[in-house]
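Here are the chains, one letter per residue:
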Amino acid sequence: MTSYKELGLVNTKELFKKAVSGGYAIPAYNFNNMEQIQAIIQACVETRSPVILQVSSGARKYANQNILKNMAKGVVEYAHELGYDIPIVLHLDHGSSFELCKDCIETGFSSVMIDGSHFPYDENVALTRKVCDFAHSQKDYVTVEGELGVLAGVEDDVSSEHSHYTQPSEVIDFVSKTKVDSLAISIGTSHGRAKFKPSQCTRTPDGILIPPPLRFDILEEIEKKLPGFPIVLHGSSSVPIEYVHMIEKYGGKLTDSVGIPEEQLRKAAKSAVCKINIDSDGRLAMTAIIRKILVEKPEEFDPRNILGPARDELKKLYSHKNQNVLGSAGQA
Ligand SMILES: [Zn+2]
């Protein structure tokens, strides 16, 4: 049994309060290897941004939960070594069961998501409540994110063919019955790098897909029902076309890629949205650079010379997000 405070981590409570009143969002970046977590910490220390390190159940399977936990512990020291102690949260992304959440809480996570959004409403309430009761009764309060509404797309073990928007009429009841600390909602974001079908989009003259806008009307209604309550957006990568083009130039194939435009995320971050999840953009940045190097330097076989530049690109991407999209730079 390890408490997150022993690892030097924090929960989301204070961070979200400040983010909601300050009109910015905390970045929630997924990681499952060393180069990713180094890039995240370098970018967040340099831009003075708080950060949520997210682990999905797929990442736990890929990298092992004890290794991931100790990486999070390690980067608390790494940030200190880089010269600035930013607040760092270790968060379970899309917890699928009470047991998984409990396990993470007991091994040092400071925050968990219980995703009961695919269950009937009452089951979602009961499951979320059970996780909150356990998390909140720990010696060091662990924060819990719940979800109402279903996002389309695929993310590790979570997939859904059809989305449905969060119903504002349900949010007060859900939050008061479950006692969640934050709520993930569905207003048109989506998991993965092809967030919409081409038939849902329009196209620019050169064929680039323009996605349908987020449902800010639903977000506003939810904010009216729950003033100041922390709201979370999943599936919020922008899928930069430069990376898609680079990947395709060097032999990849990512047909019909489309993400959420950064201006819309910036607008959302100014509202009660205080956590924005970004995973696919990091995958694209790394893959683009790796493909470029493998093609341009066929003699290269030292993984450090392949993954190192990919890490530098990731850092650049995350710094840009903190400064220009989320507004979290300077808030640590
Ligand atoms: Zn998600």
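Residues numbered from 1 in each chain as written. Predicted model: local features only at pLDDT ≥ 70, side-chain atom pairs only at ≥ 80, totals over all residues. Heavy atoms only, no water.

### Observations concerning the overall build of the protein chain
Line of reasoning, step 1. Across its full length, the protein chain holds twelve helices and 13 strands.
Line of reasoning, step 2. Taking 20 Å as the expected radius of gyration for a compact globule of 332 residues, we find that the protein chain reaches 19 Å, a close match to that expectation.
Line of reasoning, step 3. Across the protein chain, every contact between residues at least 6 apart in sequence was considered, and the portion connecting residues at least 24 apart equals 75%.
Line of reasoning, step 4. Accessible surface for the protein chain amounts to roughly 14200 Å². Of this, 52% is attributable to carbon and sulfur atoms.
Line of reasoning, step 5. Averaging the coordinates of the 37 positive side-chain charges in the protein chain and doing the same for the 43 negative ones gives two points 2 Å apart. (Helix = DSSP H or I, 4+ residues; strand = E, 2+ residues; numbered from the N terminus. Rg over C-alpha atoms; globule rule 2.2 N^0.38 Å. Contact = heavy atoms within 4.5 Å. Areas by Shrake-Rupley, 256 points an atom, 1.4 Å probe, with all protein chains shown as cover. Lys, Arg positive; Asp, Glu negative; His and termini not counted. Charge placed at Lys NZ, Arg CZ, Asp CG, Glu CD.)

### Things to note about the nonpolar core
Line of reasoning, step 1. Phe31, Leu53, Ile88, Leu183 and Ile231 are the most contacted members of the largest nonpolar core, which totals 92 residues.
Line of reasoning, step 2. Look past the residues within four positions of Ile231 in its chain and what remains in contact with it is Leu183, Ile185, Leu219, Ile222, Ala272, Val273, Cys274 and Lys275.
Line of reasoning, step 3. Counting ten residues, the second-largest nonpolar core is a separate cluster that includes Leu15, Phe16, Ala19 and Ile26. (Core = buried A, V, L, I, M, F, W, Y, C linked by side-chain atoms within 4.5 Å. Buried < 20%, exposed > 50% of the residue type's maximum accessible area, 1.4 Å probe, protein only.)

### Some details on the coordination of the zinc ion
Line of reasoning, step 1. Looking at the metal site, the zinc ion is ligated by His94 (NE2), His191 (NE2) and His234 (ND1), spaced 2.0 to 2.1 Å from it.
Line of reasoning, step 2. Of note, the donors binding the zinc ion are all from one chain and are spaced H-x96-H-x42-H. Of this pair, His191 sits in strand β9 (residues 190-191) while His234 sits in the loop between β12 (231-233) and α9 (241-249), and the two are 43 residues apart along the sequence.
Line of reasoning, step 3. Relative accessible area serves as the criterion here: at 3%, His191 is assigned to the buried category. (Donors = N, O, S within 2.8 Å, 3.2 Å for Na, K, Ca; no water.)

### Comments concerning the pattern of salt bridges
Line of reasoning, step 1. All chains considered together, the criterion is met by 18 salt bridges.
Line of reasoning, step 2. We note a salt bridge from Asp256 to Arg203, for which the minimum N-O separation is 3.7 Å. Taken as a pair, Asp256 in the loop between α9 and α10 (262-269) and Arg203 in strand β10 (residues 202-203) lie far apart in primary sequence, 53 residues in all.
Line of reasoning, step 3. Given the relative accessible area of 48%, Arg203 is considered partly exposed.
Line of reasoning, step 4. We note a salt bridge from Glu296 to Lys292, for which the minimum N-O separation is 3.2 Å. Pair noted here: Glu296 and Lys292 are both in helix α11 (residues 280-296), with a separation of four residues, about one helical turn.
Line of reasoning, step 5. Overall, Glu296 belongs to the partly exposed group, its relative accessible area being 44%.
Line of reasoning, step 6. Sharing partners across several salt bridges, the network here consists of Lys5, Lys139 and Asp140. (Salt bridge = Lys/Arg side-chain N within 4 Å of Asp/Glu carboxyl O.)

### Observations regarding the packing of aromatic side chains
For any pair of aromatic rings, the description rests on two quantities: the centre-to-centre distance and the angle between the ring planes.
Line of reasoning, step 1. In the structure shown here, the tally under the stated rule is three aromatic pairs.
Line of reasoning, step 2. Both rings, one in Tyr29 and one in Tyr318, keep their centres 4.1 Å apart while their planes meet at 35°; by these two values the pair is tilted. On the criterion of sequence distance, the pair formed by Tyr29 in strand β1 (residues 26-30) and Tyr318 in helix α12 (residues 303-326) is long-range, its members being 289 residues apart. Pair check on accessibility: Tyr29 and Tyr318 agree, each one buried.
Line of reasoning, step 3. With centroids separated by 6.3 Å and ring planes inclined at 55°, the aromatic side chains of Tyr121 and Phe174 adopt a geometry described as tilted. Of the two residues, Tyr121 sits in helix α6 (residues 121-136) while Phe174 sits in helix α7 (residues 168-178), which places them 53 residues apart along the sequence.
Line of reasoning, step 4. Overall, Phe174 belongs to the buried group, its relative accessible area being 0%.
Line of reasoning, step 5. In this structure, Arg215 packs its charged tip against the face of Tyr165, placed 5.1 Å from the ring centre.
Line of reasoning, step 6. Lys267 extends its terminal NZ or CZ atom over the ring of Phe216, reaching a point 4.1 Å from the ring centre. (Phe/Tyr/Trp six-rings, centres within 6.5 Å; stacked < 30°, edge-to-face > 60°. Lys NZ or Arg CZ within 6 Å of the ring centre and 35° of its normal.)

### Digging into the packing of α10 against α12
Line of reasoning, step 1. Contact geometry of α10 with α12 gives a least axis separation of 9 Å together with a crossing angle of 65°. By the angle between their directions, the pair α10 and α12 is classed as roughly perpendicular. Two secondary-structure elements touch here, α10 through Glu262, Leu265, Arg266 and Ala269 and α12 through His320, Lys321, Asn324, Val325 and Leu326.
Line of reasoning, step 2. The residue inventory of the contact of α10 with α12, partitioned by class, reads four nonpolar, two polar and three charged. (Axes fitted to C-alpha atoms, helices over the stretch in contact; angles between N-to-C directions. Parallel < 35°, antiparallel > 145°, perpendicular 65-115°, else oblique. Nonpolar A, V, L, I, M, F, W, Y, C, P; charged D, E, K, R; others polar.)

### Here's the deal with the side chain of Lys69
Line of reasoning, step 1. Mapped onto the fold, Lys69 is located in helix α4 (residues 65-82).
Line of reasoning, step 2. Here Lys69 sits buried without a salt bridge, and the closest side chain of opposite charge, Glu6, lies 7.9 Å off (N-O distance).
Line of reasoning, step 3. Excluding its chain neighbours within four sequence positions, the residues that come into contact with Lys69 are Thr2, Leu7, Leu90 and Thr107.

### Re helix α2 (residues 34-46)
Line of reasoning, step 1. Between its first and last C-alpha, α2 extends 18 Å over 13 residues, near the 18 Å set by a 1.5 Å rise per residue.
Line of reasoning, step 2. Buried residues dominate α2, accounting for eleven of its 13 residues.
Line of reasoning, step 3. Residues Glu35, Gln36, Ile37, Gln38, Ala39, Ile40, Ile41, Gln42, Ala43, Cys44 and Val45 constitute the buried set of α2. (Expected span 1.5 Å × (residues − 1).)

### Some words on helix α8 (residues 216-225)
Line of reasoning, step 1. Within α8 the residues assigned to the buried category are Phe216, Ile218, Leu219 and Ile222. The buried residues of α8 occupy an angular sector of 155° when the element is viewed end-on, so they sit on one face.
Line of reasoning, step 2. Elements that come into contact with the buried residues of α8 comprise α7, β8 (182-185), β12, α10 and β13 (273-278). (Arc of directions from axis to C-beta.)

### What to know about the pairing of strand β4 (residues 111-114)
Line of reasoning, step 1. The two faces of β4 match: Ser111 and Met113 on one face and Val112 and Ile114 on the other face are all buried.
Line of reasoning, step 2. Bridge analysis of strand β3 (residues 88-95) against β4 gives three bridges, and the strand direction is parallel. Looking at the pairing, Leu92 lines up with Val112 of β4.
Line of reasoning, step 3. Regarding the hand of the β-α-β motif, the stretch spanning β3, helix α5 (residues 98-106) and β4 is right-handed.
Line of reasoning, step 4. In this sheet, strand β5 (residues 143-148) lies alongside β4 in parallel orientation, the contact comprising three bridges. Bridged to Met113 within β5 is Glu145.
Line of reasoning, step 5. Regarding the hand of the β-α-β motif, the stretch spanning β4, α6 and β5 is right-handed. (Pairing = 2+ DSSP bridges. Right-handed = clockwise from strand over helix to strand, strands pointing away.)

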